[in-house]
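Residues per chain are reported as follows:
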Amino acid sequence: MPEGHTVHRLARTFASLYAGQTLRVSSPQGRFADGAAVLSGRRLVASEAWGKQLFLGFAPADGSDAEVTGMTSASDVLWLRIHLGLYGAWTFAGAPDTPEVVHAIGAPRKRIGERETTAPPAATEGSTSEGSTSEGSTSDGSTSDWVVPEPRGQVRVRLLGDHAVADLTGPTACEVITPEEKRAVEARLGPDPIRDDGDVEAFVARVGRSRVTIAQQLMDQVVISGAGNIYRAEVLFRAGVDPLRPGRDVPAAVLRVIWDDLVVLMRDGADRGAIVTTRPEDRGSRPGRPPEEALPPEGRGRTRQNTDGTPGAVPSDQAFYVYHRAGLPCRICGTPVLVKELAGRNLFWCETCQT
DNA sequence: TTGGGATGGCCAT
DNA sequence: TGGCCCTCCCAAA
């Protein structure tokens, strides 16, 4: 489930998993059958993220030898634009010797090296012709005994490469677009802190022009791309800024601190596959504060799917300062964390630490 | 078995 | 601002 860090991680994953490969694209669910037909048999030559948008570039399989990177303007490239929305997800499965799959975090479900115990049904008429495919004839033989699993759930898109398969469920957006259309989408997106071309000053200028609260502006993808409800709550806490303060009342220097912190936090999130904003010394219980178990259940943090279960990961109930911690004592001052619905989303903050 | 959420965003009003 | 869409999962009944 995505904030921008997840999408960047996915972009990397697709690059390492499929770059240069001719992919078979299908729509087991059927709702992307036309787009799948257009893309299937093309070669993946680019995998990019901008904020929460994922762009996968497909060149003609027999076309000019586009480089795997840096061919974003090639006119014969078609782009698959994907936005996961609130609950879209990629599920990966691959041959047991496909290390990249292990790192395909961000998609909460992954099936690594899973094998079907029953023989795959013969291909039938209809939209699911991609169903199950023995990979026994792969050129290098490395996946000789891997059987592509059946799609599970409402799979909008399936991307099948040489040694892995990726299934997309529940996206908000999933469409094939031209290079010009891609540029038009990007023109409407604010700067992305994870990208090298992310423009701090554009962010600062934009926020400073508006009376809209800083909390709402951090969620506005025109102002800044990639931050979601967790990062906005956490970065405002770390900066000590009252989320309800109008953007124009936040000093530019503080806005730069917020941006710089997002750069660090989101790049870290993309690397580790989970959002962690707490400093080690602020995790766990402290003397003088009740342990979380002593608090009413409704006050307890509950965040699913923030990690992929990696051993040694920071537990999700210690990963945040305020997100999903309504009623719990602030990790710094002990004041109960507040929650309020703002523009349809829950906003968490500490009124003592954030002024 | 049901129903309410969830790290989003679009559209109409 | 409210309604609606996309889908899955877990707690409550």
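Keep in mind it's a predicted model, so treat the numbers as computed, not measured. (Residues numbered from 1 in each chain as written. Chains lettered and ligands numbered in written order. Predicted model: local features only at pLDDT ≥ 70, side-chain atom pairs only at ≥ 80, totals over all residues. Heavy atoms only, no water.)

**Remarks on the UniProt feature "domain: FPG-type" (unreviewed entry) in chain A**
Consideration 1: Under the UniProt annotation, "domain: FPG-type" (unreviewed entry) lies at residues 321-355.
Consideration 2: Between the end C-alpha atoms of residues 321-355 the distance is 16 Å, and the span holds 0% helix and 29% strand. (UniProt positions renumbered as here; feature names shortened; annotations may be inferred. Helix = DSSP H or I, 4+ residues; strand = E, 2+ residues; numbered from the N terminus.)

**Notes on helix H4 (residues 179-187)**
Consideration 1: Along H4, the residues that are buried comprise Pro 179, Lys 182, Val 185 and Glu 186. Buried positions in H4, seen along its axis, are confined to an arc of 115° and lie on one side of it. Of the exposed residues in H4, the ones pointing more than 90 degrees away from its buried face are Glu 180 and Ala 187.
Consideration 2: Looking at the buried residues of H4, the elements they touch are strand E2 (43-50), strand E3 (53-59), strand E4 (78-83) and strand E9 (173-177). (Buried < 20%, exposed > 50% of the residue type's maximum accessible area, 1.4 Å probe, protein only. Arc of directions from axis to C-beta. Contact = heavy atoms within 4.5 Å.)

**Let's talk about the packing of helix H7 (residues 229-239) against helix H8 (residues 252-272)**
Consideration 1: Orientation of H7 relative to H8, taken along the N-to-C sense of each, is 130°, at an axis distance of 10 Å. When the axis of H7 is compared with that of H8, the two are oblique. Between H7 and H8 lies a crossing whose hand is right-handed. Packed against H7, whose contacting residues are Tyr 231, Val 235, Leu 236, Arg 238 and Ala 239, the element H8 presents Ile 258, Asp 261, Leu 262, Leu 265, Met 266 and Gly 269 at the interface.
Consideration 2: Looking at side-chain class alone, the contact of H7 with H8 contains 8 nonpolar, 1 polar and 2 charged residues. (Axes fitted to C-alpha atoms, helices over the stretch in contact; angles between N-to-C directions. Parallel < 35°, antiparallel > 145°, perpendicular 65-115°, else oblique. Left-handed = near helix turned anticlockwise from the far one by under 90°. Nonpolar A, V, L, I, M, F, W, Y, C, P; charged D, E, K, R; others polar.)

**Quick look at the protein's contact with DNA strand C**
Consideration 1: The environment of DNA strand C is formed by 11 residues, the closest being Gln 29, Tyr 87, Gln 154, Arg 156 and Gly 170.
Consideration 2: Counting only the atoms of DNA strand C within 4 Å of the protein, the fraction contributed by sugar and phosphate is 56%.
Consideration 3: A distance of 2.5 Å separates a phosphate oxygen of DNA strand C from a polar atom in the side chain of Gln 29.
Consideration 4: Separating a phosphate oxygen of DNA strand C from a backbone N or O atom of Gln 154 is a distance of 3.1 Å.
Consideration 5: In the surface near DNA strand C, the residues fall into 1 nonpolar, 6 polar and 4 charged. (Near = heavy atom within 4 Å. Polar contact = N/O pair within 3.5 Å; in protein donor to acceptor, adjacent residues only side chain to side chain.)

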